Amino acid sequence: MNRRSLVVLVALLVSLSAWGMEVAGVKVEDKIHIGDADLVLNGAGLRSKLFFKVYVAALYAQQRSNAAETLINGAGPRRMALHMLREMSADTLFAALREGLQANVAEAEWTAMAAPLEKMAAIFRAVGTAKAGDNVVLDFGADGVTVGVNGETKGRIEGAAFARALLRIWLGEHPVEASLKKALLAE
């Protein structure tokens, strides 16, 4: 291979590396920047229900890990980005998240989540319908979760315990979809 061909090949590979992967036709970025932090793609996969493609989920963290508990309990910033593939009402999306939460927390913990769940429901109701192509992001910090849609912050739910519980929807012992959990953990 001559030098010019090698330069073109390297340039092509560098330009392609800006995207981590493609899932169900959705290009997923390899790296993102939130606030002061640079995050890397931990994994991405497709959420489907029955025969319907619902969304592409991408999990970002400061360091890659295939250990769910490390990602759930991490103190640093993390992001779960959901690229919607179909229209979903706020009530339907919130009900799915609520179901996933309930499947992954103990009863005492579930009872303690009444206020954060109500706050999350209010945020989703204010957003309304998530349309195909919309990007819903959940930014996890040490003290809570910030919800955004299409680059606009919609609200914040305080509480480290709630943030950890919310991540269990995808990474817990009873994830919303086992194959999606594997994809998010890059297994």
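To be clear, the structure that these remarks concern was listed above.
Residues numbered from 1 in each chain as written. Predicted model: local features only at pLDDT ≥ 70, side-chain atom pairs only at ≥ 80, totals over all residues. Heavy atoms only, no water.

A. Layout of the pattern of salt bridges. With the rule as written, the count across this model stands at 8 salt bridges. Between Arg-79 and Asp-139 there is a salt bridge whose closest N-O contact spans 2.5 Å. Pair noted here: Arg-79 is in strand β6 (residues 78-84) and Asp-139 is in strand β7 (residues 135-141), with a separation of 60 residues, a long-range link. This pair shows no difference in class: Arg-79 is buried, exactly as Asp-139 is. Of the charged contacts, one joins Glu-109 and Arg-168 as a salt bridge, the two residues approaching to 4.0 Å between their closest N and O atoms. With Glu-109 in helix α4 (residues 107-111) and Arg-168 in helix α6 (residues 160-171), the pair connects residues that are 59 residues apart, well separated along the chain. What emerges from the salt-bridge pattern is a single network uniting Asp-143, Arg-156 and Glu-158. (Salt bridge = Lys/Arg side-chain N within 4 Å of Asp/Glu carboxyl O. Helix = DSSP H or I, 4+ residues; strand = E, 2+ residues; numbered from the N terminus. Buried < 20%, exposed > 50% of the residue type's maximum accessible area, 1.4 Å probe, protein only.)

B. Examining the sheet that holds strand β3 (residues 31-34) more closely. Read across the sheet, 7 strands follow the order β3-β4-β5-β6-β7-β8-β9 without closing on themselves; strand pairing throughout is antiparallel. A strand with exactly one partner marks an edge of an open sheet, and here the two such strands are β3 and β9 (152-158). When the angles between neighbouring strand axes are averaged without regard to direction, this sheet yields 25°. Two strands pair when backbone bridges link them, and β7 and strand β8 (residues 144-149) are joined in this way by 6 bridges, in the antiparallel orientation. Considered in β8, the bridge of Val-137 is made with Gly-148. Contacting β7, β8 and β9, helix α5 (residues 114-127) crosses the sheet at an angle of about 170° to β9. Where α6 meets the sheet, its contacts fall on β5 (52-61), β6, β7, β8 and β9, and the angle it forms with β7 comes to roughly 130°. (Pairing = 2+ DSSP bridges. Axes fitted to C-alpha atoms, helices over the stretch in contact; angles between N-to-C directions. Contact = heavy atoms within 4.5 Å.)

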